[in-house]
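Architecture at a glance
Given next are the chains, with one letter for each unit.
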Amino acid sequence: MIVDSVGQFFSGKDHLPYCDSDIVAGCEREVLEAEKKSSDESMQECLLRLSWALVHSKHPQDVQRGIAMLEGSLPGTEDPLQQREKLYLLAVGYFRNADYSRSRDLVDRCLAIAPDWRQAVTLKKAIEDKITKDGVIGLGIAATAVGLIAGGIAAAVSRKK
């Protein structure tokens, strides 16, 4: 049981879905079609689906595009449910870009709107796990460096005697 926990801790896997290029392309086509003939509400839904696909993409440039779209549309969002969705998607995007502190701030804002929203709670746990893992790895690297330096000094001192 402990070995499994340690293995999961260092595996680095999150449980967020990934989106492939075909889904992103399909959402982009929907947006183009909606621009031509749909209502503003339909267009907003298409843009939100495209944002979702982009921040869940495996390609960093897509994730960055999704973040930019969401940041551009968030200030004009009045509806609390849409705010919650956009904040969550922004948090996912920043999580994928390894900006964990920004992601945590956004997911906290999301949870302020909907405290029991399971997706946001799960994302917050994933963020905290990544921050903890990065801290443990950083401490390990620092301890190794200190050990190497101390060993080098001890070797140098013993050679001089």
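Anyway, here's the lowdown on the structure attached to this text. Note that the structure is a prediction, hence the values are computed from the model and not measured.

Parameters at a glance
Residues numbered from 1 in each chain as written. Predicted model: local features only at pLDDT ≥ 70, side-chain atom pairs only at ≥ 80, totals over all residues. Heavy atoms only, no water. Helix = DSSP H or I, 4+ residues; strand = E, 2+ residues; numbered from the N terminus. Buried < 20%, exposed > 50% of the residue type's maximum accessible area, 1.4 Å probe, protein only. Axes fitted to C-alpha atoms, helices over the stretch in contact; angles between N-to-C directions. Parallel < 35°, antiparallel > 145°, perpendicular 65-115°, else oblique. Left-handed = near helix turned anticlockwise from the far one by under 90°. Contact = heavy atoms within 4.5 Å. Nonpolar A, V, L, I, M, F, W, Y, C, P; charged D, E, K, R; others polar. Salt bridge = Lys/Arg side-chain N within 4 Å of Asp/Glu carboxyl O. Core = buried A, V, L, I, M, F, W, Y, C linked by side-chain atoms within 4.5 Å. Expected span 1.5 Å × (residues − 1). Arc of directions from axis to C-beta.

Each helix and strand counted, the chain has seven helices and zero strands in total. Here the chain, with 161 residues, has 30% of them falling under the buried criterion.

For the rest of this paragraph, the subject is the packing of helix H5 (residues 80-96) against helix H6 (residues 100-113). Packing of H5 against H6 brings their axes to within 8 Å, and their N-to-C directions diverge by 160°. Overall, the two elements H5 and H6 adopt an arrangement that is roughly antiparallel. With respect to the hand of their crossing, H5 and H6 are arranged in left-handed fashion. Across from Pro80, Gln83, Arg84, Leu87, Tyr88, Leu90, Ala91, Tyr94 and Phe95 in H5, the residues of H6 making contact are Tyr100, Arg102, Ser103, Leu106, Val107, Arg109, Cys110 and Ile113. Split into classes, the residues belonging to the contact of H5 with H6 amount to twelve nonpolar, two polar and three charged.

Let's shift gears to the pattern of salt bridges. Applying the stated criterion to the full structure yields seven salt bridges. Between Lys125 and Asp129 there is a salt bridge, and its shortest N-O distance comes to 3.1 Å. On the criterion of helical spacing, the pair formed by Lys125 and Asp129 is a turn pair, its members being four residues apart in helix H7 (residues 118-160).

In terms of nonpolar packing, the biggest core is built from 25 residues, with Tyr88, Leu90, Phe95, Ala120 and Leu123 touching the most fellow members. Mapped onto this core, the elements with two or more residues apiece are helix H4 (60-73), H5, H6 and H7. If you tally residues by element for this core, the top one is H5, at eight residues.

An ideal rise of 1.5 Å per residue puts 20 Å on 14 residues; H6 measures up with 20 Å between its terminal C-alpha atoms. Along H6, the residues that are buried comprise Tyr100, Ser103, Leu106, Val107, Cys110 and Leu111. With its buried residues spanning 140° around the axis, H6 presents them on a single face.

It is worth spelling out the environment of Ile23 at this point. By the element assignment, Ile23 lies in helix H2 (residues 21-37). Sequence separation between Ile23 and Leu50 is 27 residues, and the spatial gap between their C-alpha atoms is 8.7 Å.

Its 17 residues give H5 an end-to-end C-alpha distance of 24 Å, which sits within 8% of 24 Å, the value for a rise of 1.5 Å per residue. Every buried residue of H5 is accounted for by Arg84, Lys86, Leu87, Tyr88, Leu89, Leu90, Ala91, Val92, Gly93, Tyr94, Phe95 and Arg96. One or two steps after H5, the chain reaches Ala98, where phi turns positive at roughly 65°.

Any functional reading would require information that these geometric values do not contain.
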